[in-house]
Amino acid sequence: MRFPKLSRSLRQLSTHVLAIALGVVLTVSTLQVLPSQAEPAPTVTAGDTSQLIAQRQSPASAAIGSSSFVTAAVNRVGTAVVRIDTERTITRRVDPFLEDPFFRRFFGDGFSQQMPSEQLRGLGSGFIIDKSGLVLTNAHVVDKADKVTVRLKDGRTFEGKVQGIDEVTDLAVVKINAGNDLPVAPLGSSSNVQVGDWAIAVGNPLGFDNTVTLGIVSTLKRSSAQVGISDKRLDFIQTDAAINPGNSGGPLLNGLGEVIGINTAIRSDAMGIGFAIPIDKAKAIATQLQRDGKVAHPYLGVQMVTLTPDLAKQNNTDPNSPIQIPEINGVFVMRVVPNSPAASAGIRRGDVILQVDGKAITSAEQLQNVVEDSRLGQVLQVKVQRGNQIQQLSVRTAELQNAS
């Protein structure tokens, strides 16, 4: 009687064991199947766990956790970044009262000849673009400087000679004599830059040498007019990498350590954004500055603003508006510079520029770029609307003599 009972107990026990084993098998197989549906499991040999960890690491954690692409980029260009110190002596204007003969009779001629002078010091950045000692920087860093001193990262200092300045693009080339084996910053291409790319600013902001800040490219082709500097002709790279006074002239790098722009601290009120001159533009200007010492820029001689039908309508419905404006797309002429090509061609204040050489013009930035890309002395066929009439005018470009 006991054997049948024992047999039944053994059968029940084996059934439970079989059920448990089957559950374990199903659980293990599920764990193996689920990850493979999302990502193929890598084949890793014994002792090669680093590959498995690297493959499972996300790009974001890899960028933040490694020591890092920023370090590699800065190490690639860092020794070519320089500090530029400038000195300039200015003499204050003599008060006309001191030149009055009546005054001089009492105090003597020597008193009025003691004109006070003041020494101004400036600080900026730059980077070496040629082993012979050519340094690229901003024009406003070295403009009107009596003395330029270039300091390398290793502590060596050299007197710099300004080879050329272009105020319109805010670029300058400085030459130092330091042998022919200087470190050179690798130049990239700004035409390949996209919004969201890494942006690394290197320079000497606020006098703090060898400073690096990291951000991204916020936007491209931010025009100088939008930035609020109408005397420049540039489309900037905008970044959220910190750019402060002293950064001016230093390089803006991509994630590979290539120079994609030249930092320029042009807006003292720019909170959280900075601007850089695209390196493709800088390359072309630097070549001309080395060769000629300056760059010739054609101009028409008009102050202008982009016109849209909505803006024109707002003006026309204002009872205090001095003029009625055609409700069209174009460029509204706010002022014509006396003795300029535009004045000679008959362009007037209140004209709306519609076309240049048959190409429709819809913004002030577009017109500026068309003129900038033309040749000195080139005749441009400009179509304007004056009131209800269309006029075709021929404007011969001339050289812009003074950016201000």
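Residues numbered from 1 in each chain as written. Predicted model: local features only at pLDDT ≥ 70, side-chain atom pairs only at ≥ 80, totals over all residues. Heavy atoms only, no water.

Chemist: Before we move on, could you go through helix α4 (residues 69–77) and cite the residues and values that matter?
Modeler: Buried residues of α4: Phe 69, Val 70, Ala 73, Val 74 and Val 77, and no others. Take α4 and look down its axis: the buried residues cluster within an arc of 130 degrees, on one side only. Its side-chain oxygen 3.2 Å from the backbone nitrogen of Val 70, Ser 68 forms the N-cap of α4. (Buried < 20%, exposed > 50% of the residue type's maximum accessible area, 1.4 Å probe, protein only. Helix = DSSP H or I, 4+ residues; strand = E, 2+ residues; numbered from the N terminus. Arc of directions from axis to C-beta. Polar contact = N/O pair within 3.5 Å; in protein donor to acceptor, adjacent residues only side chain to side chain.)

Chemist: I'd love a proper account of the pairing of strand β7 (residues 171–175), names of residues and values included.
Modeler: Burial within β7 is extensive, with five of its five residues counted as buried. Side chains Leu 171, Val 173 and Lys 175 of β7 all project onto a buried face; the interleaved residues Ala 172 and Val 174 project onto the opposite face, where all are buried too. Bridge count between strand β3 (residues 134–137) and β7: four bridges; the pairing is antiparallel. Each residue of the ladder has a partner; that of Thr 137, found in β7, is Ala 172. Turn length for the strand β6 (residues 161–166)-β7 hairpin, with the two strands adjacent in sequence and antiparallel, is four residues, and the turn residue Asp 170 shows positive phi of about 55 degrees. (Pairing = 2+ DSSP bridges.)

Chemist: Outline the nonpolar core, supporting the account with residue identities and numerical values.
Modeler: Ranked by size, the top nonpolar core spans 47 residues in total, and within it Ile 84, Phe 127, Leu 136, Val 150, Ile 200 and Ile 262 carry the most contacts. Excluding anything up to four places from it in sequence, Leu 136 contacts Gly 126, Phe 127, Ile 129, Ala 172, Val 173, Gly 249, Ile 262, Ala 282 and Ala 286. (Core = buried A, V, L, I, M, F, W, Y, C linked by side-chain atoms within 4.5 Å. Contact = heavy atoms within 4.5 Å.)

Chemist: A description of the packing of aromatic side chains should follow, citing residues and the corresponding values.
Modeler: Enumeration over the complete set of coordinates arrives at two aromatic pairs. Ring plane angle 45 degrees and centroid distance 5.0 Å describe the contact between Phe 69 and Trp 198, whose orientation is recorded as tilted. In this pair, Phe 69 sits in helix α4 while Trp 198 sits in strand β8 (residues 198–203), placing the two residues 129 residues apart along the sequence. Judged by relative accessible area, Trp 198 falls into the partly exposed class, the value being 39%. (Phe/Tyr/Trp six-rings, centres within 6.5 Å; stacked < 30°, edge-to-face > 60°.)

Chemist: Hey, could you go over the environment of Thr 86 for me, with residue numbers and the actual values?
Modeler: Note on placement: Thr 86 falls in strand β1 (residues 81–91). Measuring from C-alpha to C-alpha, the distance between Thr 86 and Val 150 comes to 8.9 Å, with 64 residues separating the pair along the chain. With sequence-adjacent residues up to four places away left out, Thr 86 is seen in contact with Leu 120, Arg 121, Gly 122, Val 141, Val 142, Ala 145, Lys 147 and Val 148.

Chemist: Please set out the confidence of the model for the protein chain residue by residue, giving values where relevant.
Modeler: Looking at the protein chain as a whole, the pLDDT averages 80, with 74% of positions reaching at least 70. This stretch, residues 24–64, has a pLDDT under 50; its non-local contacts, to residues over four places away or in other chains, come to 10 contacts. (pLDDT = per-residue confidence, 0-100.)

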